[in-house]
Number of protein chains: 2
Amino acid sequence: MSKRSFPLPEVYRLLEPGPVVLVTTAAKGETDIMAMSWHMMMEFEPPLVGCIVSGRNHSFDLLRASKECVINIPTVELAPKVVRCGNTSGRRVDKFERFGLAPVASSRVGAPRIEECYANLECRIADARWVDRYNMFVLEVVKAWIDPSVKKPRTIHHAGRGAFVVDGETIRLRSKAK
Amino acid sequence: MSKRSFPLPEVYRLLEPGPVVLVTTAAKGETDIMAMSWHMMMEFEPPLVGCIVSGRNHSFDLLRASKECVINIPTVELAPKVVRCGNTSGRRVDKFERFGLAPVASSRVGAPRIEECYANLECRIADARWVDRYNMFVLEVVKAWIDPSVKKPRTIHHAGRGAFVVDGETIRLRSKAK
């Protein structure tokens, strides 16, 4: 293999691609929806999720104020709406109304779930100590929902600059990992 | 959409799927290779990557001792070897030799790069304060390599219990996101 140097600021395009999610928040009579790709699992049980939320997002303020959110997982059919959510600020727009997404009440948190997403994870902030340092929140998933009729959800993975990789085939290997 | 409750311990199967990577480490005359899926970008520049490494892994000791590693990104052709790396402990086995992977010298860190991976990210630990709390390391990518001949790398995404989702088609949308 002949390799070339790869620019450091582009590294995120290699590592980021987990599923793009839509984070919903509610506080002070407002709701918001934010597209997010910088997240990782941190613990199996209780499920802990680390994520990075820019302080420039309206959702950052609502998340910090309410200490709760929902992580909604869209499939490729919703990709155009995901991008529109990402391109717009919730300070100026009610994204549910503007983009035709249906808010439904959550069972454990104040933020609404997005009906059209095949899975919803209701979360509470478990650790905010690295918010000032890295804009990092540690979330605990306190209730999870899935649409059992969606047998093979094709999620999307942000690869930067408008490119999204869609889930392809699933292969099965003899892994001992959980 | 009719939904059912989804078990909390299975939530990781929904959120985890970023690309599976192989982390290489070297310390005390030993090297190791570890498969990893719990990682996220934390900053664009310098690129910071957060990751969770179980203390049961031999790589945990080598990473902590050397403060360096390489994140190697495999494509689907390497999936069987990725799984074998994940199923084996580096305490007992030289994984490079056993699985036919070629170590090549890195330019900025002591850990070797894996030749067969289409990209390699040389990393140093930037913040170890959450190692005791969450087994979380913040890595700074100090040098990155890519094989320019691999035009459409098909990475794999761990979906739990031996299932791996392979990259499918790429779609392009008018996203304002970087």
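Structure: see above.
Everything numeric here is computed off the predicted structure, so don't read it as measured data.

Q: Describe the overall build of chain A, naming the residues involved and giving the relevant values.
A: Within chain A, the regular secondary structure consists of 5 helices and 12 strands. Over its C-alpha atoms chain A spans a radius of gyration of 17 Å, differing by no more than 12% from the 16 Å that the globule rule assigns to 178 residues. Counting only C-alpha atoms, chain A reaches 55 × 40 × 35 Å along its principal axes. Counting every position in chain A, which comprises 178 residues, the buried fraction comes to 58%. Put simply, 59% of the contacts in chain A that link residues at least 6 apart link residues at least 24 apart. Roughly 7,400 Å² of accessible area belongs to chain A as shown, and the carbon and sulfur atoms make up 48% of that amount. Considering chain A, the positive charge centre built from 27 side chains and the negative charge centre built from 20 side chains are found 5 Å apart.

Q: Help me get a handle on the interface of chain B and chain A, residues and values and all.
A: By convention, interface size is frequently given as the accessible area that disappears when the constituent parts associate. Listed as interface residues are 84 residues of chain B and, on the opposing side, 84 residues of chain A. Approximately 7,600 Å² of surface area, both sides summed, lies buried where chain B meets chain A, with 65% of it carried by carbon and sulfur atoms. For the pair chain B and chain A, the interface holds 2 salt bridges. R154 of chain A is the partner of E169 of chain B in a salt bridge, and the nearest nitrogen-oxygen pair spans 2.9 Å. Per-element tally for the side of chain B that touches chain A: the top contributor is strand 12 (residues 163-172) of chain B, with 10 residues. In terms of residue class, the side of chain B that touches chain A is built from 49 nonpolar, 14 polar and 21 charged. Pairing analysis gives 7 bridges linking strand 12 (residues 163-172) of chain A to strand 12 of chain B, with the strands arranged antiparallel. Residue pairing for strand 12 of chain B: T170 of chain A is matched across the bridge by V165 of chain B.

Q: Account for helix 3 (residues 79-87) of chain B, naming residues and giving values.
A: Restricting attention to buried positions, one finds in helix 3 of chain B the residues A79, V82, V83 and C85 of chain B. The arc that holds every buried residue of helix 3 of chain B, seen down its axis, measures 155°, which confines them to one face.

Q: Can you explain the relation of the copies chain B and chain A? Please cite residues and give values.
A: After a rotation of 180° and a shift along the axis of 0.0 Å, chain B superposes on chain A with an RMSD of 0.0 Å. Each copy turns onto its partner about a two-fold axis. By residue overlap, the copies meet face to face through one surface: 100% of the interface positions of chain B are interface positions in chain A.

Q: Lay out the nonpolar core with the relevant residues and their values.
A: Counting residues in each nonpolar core, the largest one holds 64 residues, and the members touching the most others are M42 and M136 of chain A together with M42 and M136 of chain B. Those residues in contact with M42 of chain B that lie beyond four places of it in its chain are W38, I52, Y134 and M136 of chain A together with L48, V49, G50, M136 and V138 of chain B.

Q: Quick one: what's the story with the pattern of salt bridges, residue by residue and with numbers?
A: Residue and element names in this part refer to chain A. Counted according to the given criterion, the structure contains 14 salt bridges over all chains. Note that E122 and R113 form a salt bridge whose closest N and O atoms lie 3.8 Å from each other. Neither E122 nor R113 differs from the other in exposure class; each is buried. For D127, the salt bridge identified is with R129, shortest N-O distance 2.7 Å.

Q: Provide a residue-level description of the sheet that holds strand 11 (residues 156-158) of chain A, including the pertinent values.
A: Ordered in space as 11(A)-12(A)-12(B)-11(B), the 4 strands form an open sheet in which the pairing is antiparallel. At either margin of the open sheet sits one strand with a lone partner, and together these are strand 11 of chain A together with strand 11 (156-158) of chain B. Sheet twist, expressed as the mean angle between neighbouring strand axes with direction ignored, is 45°.

Q: Describe unusual backbone geometry, with residues and values.
A: Phi is mostly negative for residues that are not glycine, and the peptide bonds are mostly trans. In the segment running from E45 of chain A into P46 of chain A, the intervening peptide bond is cis, with an omega of -5°. Positionally, P46 of chain A belongs in the loop between strand 4 (39-43) and strand 5 (48-52). Of note, the phi angle at K28 of chain B is positive, near 55°, even though the residue is not glycine. Within the secondary structure, K28 of chain B sits in the loop between strand 2 (21-27) and strand 3 (30-36). A positive phi angle, near 60°, is found at K67 of chain B, a position not held by glycine. Along the chain, K67 of chain B falls in the loop between helix 2 (58-66) and strand 6 (68-73).

Q: Report on the pairing of strand 5 (residues 48-52) of chain B, specifying residues and quantitative values.
A: Residue and element names in this part refer to chain B. Most of strand 5 is tucked away: 5 of the 5 residues are buried. Residues L48, G50 and I52 line one face of strand 5 and the alternating positions V49 and C51 line the opposite face, and both faces are buried. Turn length for the strand 4 (residues 39-43)-strand 5 hairpin, with the two strands adjacent in sequence and antiparallel, is 4 residues. In the sheet, strand 5 pairs with strand 10 (residues 136-146) via 5 bridges, with the strands oriented antiparallel. Considered in strand 10, the bridge of V49 is made with L139.

Q: So what's going on with the state of the cysteines? Residues and values would help.
A: Disulfides are covalent bonds that connect the sulfur atoms of two cysteines. Scanning the model with the defined rule gives 0 disulfides over all chains in all. C51 of chain A forms no disulfide, and the closest cysteine sulfur to it belongs to C69 of chain A, at a distance of 6.4 Å. Of the residues examined, C51 of chain A reaches a relative accessible area of 2% and is grouped as buried. Sulfur of C117 of chain B: no disulfide; nearest cysteine sulfur belongs to C85 of chain B and is 8.7 Å away. Overall, C117 of chain B belongs to the buried group, its relative accessible area being 0%.

Q: Can you break down the side chain of K95 of chain A residue by residue, with the values?
A: Among the structural elements, K95 of chain A can be located in helix 4 (residues 95-99). For K95 of chain A, the residues in contact, after removing those within four places along its chain, are D32, I33, C85, T88, S89, G90 and G100 of chain A.

What counts as what
- Residues numbered from 1 in each chain as written.
- Chains lettered and ligands numbered in written order.
- Predicted model: local features only at pLDDT ≥ 70, side-chain atom pairs only at ≥ 80, totals over all residues.
- Heavy atoms only, no water.
- Helix = DSSP H or I, 4+ residues; strand = E, 2+ residues; numbered from the N terminus.
- Rg over C-alpha atoms; globule rule 2.2 N^0.38 Å.
- Buried < 20%, exposed > 50% of the residue type's maximum accessible area, 1.4 Å probe, protein only.
- Contact = heavy atoms within 4.5 Å.
- Areas by Shrake-Rupley, 256 points an atom, 1.4 Å probe, with all protein chains shown as cover.
- Lys, Arg positive; Asp, Glu negative; His and termini not counted.
- Charge placed at Lys NZ, Arg CZ, Asp CG, Glu CD.
- Buried area = accessible area lost by both parts, 1.4 Å probe.
- Salt bridge = Lys/Arg side-chain N within 4 Å of Asp/Glu carboxyl O.
- Nonpolar A, V, L, I, M, F, W, Y, C, P; charged D, E, K, R; others polar.
- Pairing = 2+ DSSP bridges.
- Arc of directions from axis to C-beta.
- Least-squares fit on C-alpha atoms with pLDDT ≥ 70 in both.
- Core = buried A, V, L, I, M, F, W, Y, C linked by side-chain atoms within 4.5 Å.
- Axes fitted to C-alpha atoms, helices over the stretch in contact; angles between N-to-C directions.
- Disulfide = S-S within 2.5 Å.

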